[in-house]
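# Coordinate inspection notes
Here's the letter readout for the chains.
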Amino acid sequence: GTGLGLEAVMPLVVIGLNSSNADTRNKGMDIVAQLHAVHGRKVDPFLKGVTSEATKKLVKERLADGGTAPPKPAPAAAKKPAPVAKPPGAKPAGGPAKAAPAKANADQEPEDEADKVGWYRKKAEGGDADAQYNLAICYEEGKGVGKDEAEAARWFGRAAEQGDADAQFSLGVCYHEGKGLPKDDGKAIELWTKAAQQGNEDAKFILGMSEES
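Since we're looking at a predicted model, the values are computed, not measured.

### A closer look at the overall build of the chain
A tally of helices and strands in the chain yields 9 helices and 0 strands. Element order for the chain, N to C, with α for helix and β for strand: α-α-α-α-α-α-α-α-α. For the chain, the proportion of its 213 residues judged to be buried stands at 42%. Contacts in the chain between residues far apart in sequence, at least 24 positions, make up 58% of those at least 6 positions apart.

### Comments concerning the nonpolar core
A general tendency of soluble globular proteins is for nonpolar side chains to be buried together. The biggest cluster of nonpolar side chains holds 47 residues, and the ones touching the most others in it are Met-10, Val-13, Leu-17, Val-32, Leu-47 and Phe-156. Not counting chain neighbours up to four residues away, the residues in contact with Leu-47 comprise Met-10, Leu-17, Val-32, Lys-56, Val-59 and Leu-63.

### Observations concerning the packing of helix 2 (residues 22-39) against helix 3 (residues 53-64)
Viewed as axis vectors pointing N to C, helix 2 and helix 3 meet at an angle of 40°, and their least axial separation amounts to 10 Å. On the basis of the axis angle, helix 2 is oblique to helix 3. For the element pair helix 2 and helix 3, the recorded crossing hand is right-handed. Listed contacts from helix 3 to Arg-25, Met-29, Asp-30, Val-32, Ala-33 and His-36 of helix 2 are Thr-55, Leu-58, Val-59, Arg-62 and Leu-63. Split into classes, the residues belonging to the contact of helix 2 with helix 3 amount to 6 nonpolar, 2 polar and 3 charged.

### Brief notes about helix 3
Taking 1.5 Å of rise per residue, the 12 residues of helix 3 would be expected to cover 16 Å, and the 16 Å separating its terminal C-alpha atoms lies within 8% of that figure. Along helix 3, the residues classified as buried are Thr-55, Val-59, Arg-62 and Leu-63. Across the axial projection of helix 3, the buried residues extend over an arc of 95°, all falling on one side. Structural note: helix 3 exposes Glu-53, Ala-54, Lys-57, Lys-60 and Ala-64 on the side pointing more than 90 degrees away from its buried face.

### As for helix 7 (residues 165-177)
The terminal C-alpha atoms of helix 7 lie 18 Å apart, and with 13 residues this matches the ideal 18 Å at 1.5 Å per residue to within 8%. Most of helix 7 sits out of view: 12 of its 13 residues are buried. Every buried residue of helix 7 is accounted for by Ala-165, Asp-166, Ala-167, Gln-168, Phe-169, Ser-170, Leu-171, Gly-172, Val-173, Cys-174, Tyr-175 and His-176. The secondary structure elements touched by the buried residues of helix 7 are helix 5 (129-141), helix 6 (149-161), helix 8 (185-197) and helix 9 (201-206). Looking one or two residues beyond helix 7, the residue adopting positive phi is Gly-178, at roughly 65°.

### Comments concerning the pattern of salt bridges
One pass over the full model with this rule turns up 11 salt bridges. A salt bridge links Glu-109 to Lys-116, with the shortest nitrogen-to-oxygen separation between them at 3.7 Å. Between Lys-183 and Asp-185 there is a salt bridge, and its shortest N-O distance comes to 3.7 Å. Each member of the salt-bridge network shares a partner with another, and the members are Glu-140, Glu-177 and Lys-179.

### Some remarks on the environment of Val-173
The topology assignment puts Val-173 in helix 7. Placed 20 residues apart in sequence, Val-173 and Ala-153 show a C-alpha to C-alpha distance of 9.5 Å.

### Details of the environment of Val-43
Position of Val-43 relative to the elements: it lies in the loop between helix 2 and helix 3. By relative accessible area, Val-43 is classed as buried at 0%.

### Describing the packing of aromatic side chains
Following the criterion strictly, the structure yields 3 aromatic pairs and no others. Residues Tyr-133 and Phe-156 carry aromatic rings whose centres are separated by 5.8 Å and whose planes lie at 55° to one another, so their mutual orientation is tilted. With Tyr-133 in helix 5 and Phe-156 in helix 6, this pair connects stretches of sequence that are 23 residues apart.

The rules behind these values
Residues numbered from 1 in each chain as written. Predicted model: local features only at pLDDT ≥ 70, side-chain atom pairs only at ≥ 80, totals over all residues. Heavy atoms only, no water. Helix = DSSP H or I, 4+ residues; strand = E, 2+ residues; numbered from the N terminus. Buried < 20%, exposed > 50% of the residue type's maximum accessible area, 1.4 Å probe, protein only. Contact = heavy atoms within 4.5 Å. Core = buried A, V, L, I, M, F, W, Y, C linked by side-chain atoms within 4.5 Å. Axes fitted to C-alpha atoms, helices over the stretch in contact; angles between N-to-C directions. Parallel < 35°, antiparallel > 145°, perpendicular 65-115°, else oblique. Left-handed = near helix turned anticlockwise from the far one by under 90°. Nonpolar A, V, L, I, M, F, W, Y, C, P; charged D, E, K, R; others polar. Expected span 1.5 Å × (residues − 1). Arc of directions from axis to C-beta. Salt bridge = Lys/Arg side-chain N within 4 Å of Asp/Glu carboxyl O. Phe/Tyr/Trp six-rings, centres within 6.5 Å; stacked < 30°, edge-to-face > 60°.

Next up, the structure:
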């Protein structure tokens, strides 16, 4: 592929910054701050496309403060800042995850990070898409297990095959960045499109599909 670099991503972000929707503008500022942390001044020329002086000022203030979010690689900026573990069988559409049903002590999520990995793995191997996604996050972030991008991508893939929109988006990021998989922007865009069609806001934004209100 040609690579989905700043030249492709920033025009989409500028569309968000010019949006009449405050939430979309704020998300745009989050992404600009995170891209700036990675690419530095290379981001600045694209900001000339921002039409509102007030928005330009807010962006400049945000960058001067170093952004309020920790630096993340592009375009993983569109990923949820802190992926929240989704209890198997309880994946609400938006909002905080609900607690897993307390069927029995053996079925309750452990507190210890290492124990969680084993708990997720058992459910993931049984085909639970939420557990597969959570296990991928553990490998991606090195929580309770050694960091392993290939294993993260594999489990994101298992969950994505079952139609999990968050996993589809995350797997797309793996393909875009070549993390645990050969770099393939075509597959990344295909996966982001599938996630966006299910309402995943991160995928919609990165594809320039944010809804105006």
